[in-house]
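Secondary and tertiary structure notes
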Amino acid sequence: MATSSQNPLLAGRAPASALRSGAEYLKSLRDGRRVYLDGELVKDVTEHPALREAARSIARLYDIAAAPENREVMTFTSPKTGAPVHRGYQIPKTHADLKARRLFSEKWAEATFGLMGRTPDHVAGFFCGYATKPSLFAAGGKQFGENVVRLYEEARDNHLYMSYAIVPPQIDRSKPAHKQTDPTLHAGVVKERDDGIVISGAQQLATGGIYSDWLHLSCIQPLQPGDENYANGLVVPINAPGLKLYPRRAFARADMNSVDYPLSSRFDETDSYVIFDNVFVPWENVYCYRNIDLCRNQWHLTPAHAYGNLQAQVRYGAKLRFMIGLAKRMNENTGHDNNPPVQMAMGELAALVSIVESMAIAQEVVATTDADGVLWPSRTTLYAVMAMQSEFNGRMLEIIRELSGSAMITLPSSAGDFDNPEMAHDLEKYMCSASSDAKTRMAIMRLLWDFIGSEFGSRHQQYEKFYGGGTYVVKQSINRLYDYKRATALVDAALALPPVGAKH
Ligand SMILES: Cc1cc2nc3c(=O)[nH]c(=O)nc-3n(C[C@H](O)[C@H](O)[C@H](O)COP(=O)(O)OP(=O)(O)OC[C@H]3O[C@@H](n4cnc5c(N)ncnc54)[C@H](O)[C@@H]3O)c2cc1C
């Protein structure tokens, strides 16, 4: 059985003999974490009007995973404790394992309509990947190999939610970390002690950070000689002294209701700028220290990036299914559903959605086993779809806007309009549709507007562009991995064809 006693990261946490319930998760968020919003230190993220509903949405995911009827699809047996743990922490050895990871993530993603990107299974995937290669980390010091496995096991066996901040702040991208105007602008080591290290500086952009248990700090951007202080891999509890989270403007506002903003009010996972103000990290929680090569290699010589981003693609597929479902309902409402040009446009949308859905499965099918018996999803497939996602996503939203005309705009000003008898009479008569009464039509169009047009929807478009890094980086990744040998062999074969036809 995992216990909470050995590691300060787990302080106060009950032994994980059972799966974590939503209520236990919510309770654990009241731990003195320092979240700053709208000029104030938030006392309790589970009670704050702008933050509480997203916390509840995540709590529901814990309940889904803990439900006895979901035991097989959502859990596997911890090799260490013998207790059921989330499949998001399962290291795949077979194609069936990889499929099981997908079904776990799909279940969670559909429960949030794909609108929460960094649910606990995202960074769990990264730690699964790191833990498959302890020897890689041990090359930086034996204890680091042991630490990365232990951190993975503790997170797994305690059903933890990790978020991550692995991109340096966009303060001045023209200079490396150590040449910024102040060497403590980017999060890095400022002091080494016998028992650990002290981190100061900022890092962007921990989506879901305010709702997580641990924050994973590392750096995925290329570092240069001189940047050693920033080349680390570690975790800290979110309530660590000195750790501060600055979420962007919240989209769920106190004056909002779920009729007018059905998605913003429930699924705003938040994106936080993270500030380390002399945060002490004991050595046990560090797995990479001042090591530029190791910091880079963790992303590419382990399956971490592939596992984490496969979850992201499964989540994206669920979101697109929801999106095309909304578009279909919209067309039924406007009476355009059987209009041939509209059907053509929907065909293009369906084609793009199907590509994303199928590419997640293709990553499983083309998965390969490495020398350690660990299955890697196909990274060529992953980066192919990620590289095009930025373009596809914009195209899909544009198709829906094109099909919508004024459908998302000609709506009552708020749910309150139906409370006024005179207005309700007018609305019910004149704002109905081909397929729905006025209230149902409004509910569908509000969902669509919140998905596409609201501040929440707009942030989502930015998220789909950048959650996996800039497109130019992803395109470089697939260019590096694509099987050009096989492609150019075809060219060589064509060049070697025996001549035919007239001599020249
Ligand atoms: C909604 C959202 C959620 C996020 N969540 C997380 C998270 O949970 N954890 C996390 O660690 N990070 C997260 N990120 C951060 C994300 O990883 C970064 O935004 C991403 O890596 C891009 O870095 P940047 O924003 O600093 O852009 P920059 O690196 O400054 O690049 C901006 C743009 O400049 C151009 N550009 C820059 N350099 C080049 C180049 N060499 N070649 C060509 N063009 C170039 C490109 O157009 C590029 O898109 C999130 C970002 C967003 C928007």
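Just so it is clear, the model here is predicted, and its values are computed rather than measured.

This next bit is on the packing of aromatic side chains. For any two aromatic rings, the description comes down to two numbers: the centre-to-centre distance and the angle of the planes. All chains considered together, the criterion is met by 19 aromatic pairs. Note on Phe113 and Phe322: the rings are 4.8 Å apart at their centroids and 35° apart in plane angle, and the pair reads as tilted. Of this pair, Phe113 sits in the loop between α4 (95-111) and α5 (121-131) while Phe322 sits in helix α10 (residues 304-334), and the two are 209 residues apart along the sequence. With a relative accessible area of 34%, Phe113 lands in the partly exposed category. Residue class for Phe322 comes out buried when judged on its relative accessible area of 16%. Seen from their ring centres, Tyr482 and Tyr484 are 5.2 Å apart, and the 70° between their planes marks the pair as edge-to-face. Owing to a relative accessible area of 42%, Tyr482 belongs among the partly exposed residues under this scheme. These aromatic residues form a ring-pair network of at least three members: Phe126, Phe127, Tyr130, Phe137, Tyr164, Tyr287 and Trp299. One residue, Arg101, lies across the ring of Tyr307, its end atom 5.2 Å from the ring centre. The side chain of Arg315 reaches across the aromatic face of Tyr467, ending 5.6 Å from its centre.

For the structure on display, the rule yields 31 salt bridges. Close ionic contact of Asp31 with Arg33 constitutes a salt bridge, the shortest N to O distance being 2.8 Å. Close ionic contact of Lys133 with Asp370 constitutes a salt bridge, the shortest N to O distance being 2.6 Å. Residue Lys133 is found in the loop between α5 and α6 (134-138), and its partner Asp370 is found in the loop between β13 (368-369) and β14 (375-376); the two are separated by 237 residues along the sequence.

Moving on: the nonpolar core. Judged by nonpolar contacts, the single largest core of 120 residues is most densely connected at Tyr211 and Phe276. If you tally residues by element for this core, the top one is α10, at ten residues. Taken together, domain 1 (19-299) and domain 2 (303-485) each give at least three residues to this core, which thus spans both. Setting aside residues up to four positions removed in sequence, Tyr211 forms contacts with Tyr25, Leu29, Arg33, Leu51, Ala54, Ala55, Ile58, Tyr161, Asp268, Glu269 and Thr270. Counting residues in each nonpolar core, the second largest holds nine residues, with Ala312, Met386, Ala387 and Tyr463 among its members.

Summed over the entire model, instances satisfying the criterion amount to zero disulfides. Sulfur of Cys288: no disulfide; nearest cysteine sulfur belongs to Cys295 and is 4.8 Å away.

Along the chain, the position of Gln90 falls in the loop between β4 (84-86) and α4. In this structure, Gln90 is in contact with Phe76, Asp97, Ala100, Arg101 and Cys128, ignoring residues within four places of it in sequence.

Once that is clear, we can look at helix α7 (residues 142-157). Think of an α-helix as 3.6 residues a turn; residues three or four steps apart then line up on the same face. An ideal rise of 1.5 Å per residue puts 22 Å on 16 residues; α7 measures up with 23 Å between its terminal C-alpha atoms. Along α7, the residues that are buried comprise Phe144, Gly145, Asn147, Val148, Leu151, Tyr152, Glu154, Ala155, Arg156 and Asp157. Looking one or two residues past α7, His159 carries a phi angle of roughly 55°, positive in sign.

To continue, consider the domain arrangement of the protein chain. Once the domains are mapped, the protein chain shows domain 1 (19-299) and domain 2 (303-485). Summarising the inter-unit geometry, the C-alpha centres of domain 1 and domain 2 are found 25 Å apart. Contacts between domain 1 and domain 2 engage 47 residues on the former and 41 residues on the latter. Along the contact surface separating domain 1 from domain 2 lie eight salt bridges. The closest approach of N and O atoms between Arg459 and Asp271, which form a salt bridge, is 2.7 Å. Joining domain 1 to domain 2, the criterion identifies 21 residue pairs in polar contact (both at pLDDT 80 or more). Looking at the side of domain 1 that touches domain 2, the elements that each hand over two or more residues are α4, α5, α8 (264-267) and α9 (292-300). Looking at the side of domain 1 that touches domain 2, the element that brings in the most residues is α4, giving nine residues. Taken together, the residues that form the side of domain 1 that touches domain 2 break down as 18 nonpolar, 14 polar and 15 charged.

Rules and cut-offs
- Residues numbered from 1 in each chain as written.
- Predicted model: local features only at pLDDT ≥ 70, side-chain atom pairs only at ≥ 80, totals over all residues.
- Heavy atoms only, no water.
- Phe/Tyr/Trp six-rings, centres within 6.5 Å; stacked < 30°, edge-to-face > 60°.
- Helix = DSSP H or I, 4+ residues; strand = E, 2+ residues; numbered from the N terminus.
- Buried < 20%, exposed > 50% of the residue type's maximum accessible area, 1.4 Å probe, protein only.
- Lys NZ or Arg CZ within 6 Å of the ring centre and 35° of its normal.
- Salt bridge = Lys/Arg side-chain N within 4 Å of Asp/Glu carboxyl O.
- Core = buried A, V, L, I, M, F, W, Y, C linked by side-chain atoms within 4.5 Å.
- Domains from an automatic or database assignment.
- Contact = heavy atoms within 4.5 Å.
- Disulfide = S-S within 2.5 Å.
- Expected span 1.5 Å × (residues − 1).
- Polar contact = N/O pair within 3.5 Å; in protein donor to acceptor, adjacent residues only side chain to side chain.
- Nonpolar A, V, L, I, M, F, W, Y, C, P; charged D, E, K, R; others polar.

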